[in-house]
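# Structural overview
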Amino acid sequence: MAGLASFVLRKQFSTSSRRLMSHGGTPEELEAGVKLWKNLSLFVGIPAVGLCMVNTVISTKEEDHTPPEFHAYEHMRMRTKRFPWGDGNHSLFHNPHANALPNGYEVDIHAHH
């Protein structure tokens, strides 16, 4: 599998370099482009992802995670057909703290705080 991935990457890189050189690019220009994108990835991309991660962790600690008050609207949470798993009323990735059933939340959200 690694051999196939290596082959595909080499083929793609050689095709890209031929395409660049066919448009008047030189090997030096190709090397400068590779260096530019490598530096952008290392010094812009990775720190940006890290800052987004820190921002997400900090903001989720400060927020109040209580869902809005439950209203039994007729058009929401309609079940015309049972789900093929469990009791047929819970979605595949059901979270009892965040997802309401047709008759309300399963867990008393105020009891845990």
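Before reading further, recall that the structure is shown in the block above.
Residues numbered from 1 in each chain as written. Predicted model: local features only at pLDDT ≥ 70, side-chain atom pairs only at ≥ 80, totals over all residues. Heavy atoms only, no water.

### Side note on the overall build of the protein chain
Quick reminder of the rule: Working definition: helices are DSSP H or I runs of at least four residues, strands are E runs of at least two. Numbering for both runs from the N terminus. Burial here depends on accessible area, computed with a 1.4 Å probe over protein chains only, as a share of the maximum for the residue type. Under 20% is buried, over 50% is exposed, and the range in between is partly exposed. The contact rule is simple, with two residues in contact once any of their heavy atoms fall within 4.5 Å. Working definition of accessibility: Shrake-Rupley area with a 1.4 Å probe, residue cover restricted to the visible protein chains.
Broken down by element type, the protein chain carries 2 helices and 0 strands. Across the 113 residues of the protein chain, 10% fall into the buried class. Counted over contacts in the protein chain with a minimum sequence separation of 6, partners at least 24 positions apart contribute 28%. Accessible surface, the protein chain: about 9800 Å² in total, of which carbon and sulfur atoms supply 64%.

### What to know about a nonpolar patch on the surface
How we decide: Patch membership requires over 30% relative accessible area and the absence of a salt bridge. Like charges are linked within 9 Å, and nonpolar side chains (Val, Leu, Ile, Met, Phe, Trp, Tyr) within 5 Å. Salt bridge, as used here: a side-chain nitrogen of Lys or Arg that lies within 4 Å of a carboxyl oxygen of Asp or Glu.
Nonpolar side chains collect at one region of the surface, where L36, W37, L40, L42, F43, V44 and I46 lie side by side and expose about 750 Å² of accessible area between them. Inspection of the secondary structure puts V44 in helix α2 (residues 27–62). Residue V44 is classed as partly exposed on the basis of its relative accessible area, which comes to 49%.

### Points about the packing of aromatic side chains
Put simply, the test is: For this analysis, a ring pair means two rings from Phe, Tyr or Trp (six-membered ring only for Trp) whose centres lie within 6.5 Å, classed as stacked if their planes differ by under 30 degrees, edge-to-face if by over 60, and tilted for the remaining angles.
Summed over all chains, the structure comprises 2 aromatic pairs. A ring pair is formed by F70 and Y105, whose centres lie 6.2 Å apart and whose planes are at 75 degrees; its orientation type is edge-to-face. Residue F70 is located in the segment after α2, and its partner Y105 is located in the segment after α2; the two are separated by 35 residues in the primary sequence. Look at F70 and you get partly exposed, because its relative accessible area is 24%. Judged by relative accessible area, which is 23%, Y105 ranks as partly exposed. When the centroid spacing of 5.3 Å and the interplanar angle of 15 degrees are considered together, the rings of F83 and W85 count as stacked. The partly exposed category is assigned to F83, whose relative accessible area is 27%. The exposure class assigned to W85 is partly exposed, which follows from its relative accessible area of 32%.

### So, the side chain of H90
The line we're drawing: Here a polar contact means two N or O atoms within 3.5 Å. Within protein one must be a hydrogen donor candidate and the other an acceptor candidate, and residues neighboring in sequence count only if both atoms are side-chain atoms.
Relative to the elements of secondary structure, H90 occurs in the segment after α2. Side-chain polar atoms of H90 contact the side chain of E106, separated by 3.1 Å. Aside from chain neighbours lying at most four places away, what touches H90 is F83, W85, L101 and E106.

### Looking at the environment of H90
As a C-alpha pair, H90 and P102 span 12 residues in sequence and 9.9 Å in three-dimensional space. Looking at H90, its side chain comes within polar contact range of the side chain of D87, at 2.8 Å.

### What about α2?
Rules: Each residue after the first adds 1.5 Å to the expected span of a helix. To get the bend at a residue, fit one axis to the 7 residues ending there and another to the 7 starting there, then take the angle between the axes.
For α2, built from 36 residues, the straight-helix expectation of 52 Å at 1.5 Å per residue is met to within 8% by its first-to-last C-alpha distance of 52 Å. Along its length, α2 shows its largest kink, about 35 degrees, at S41.

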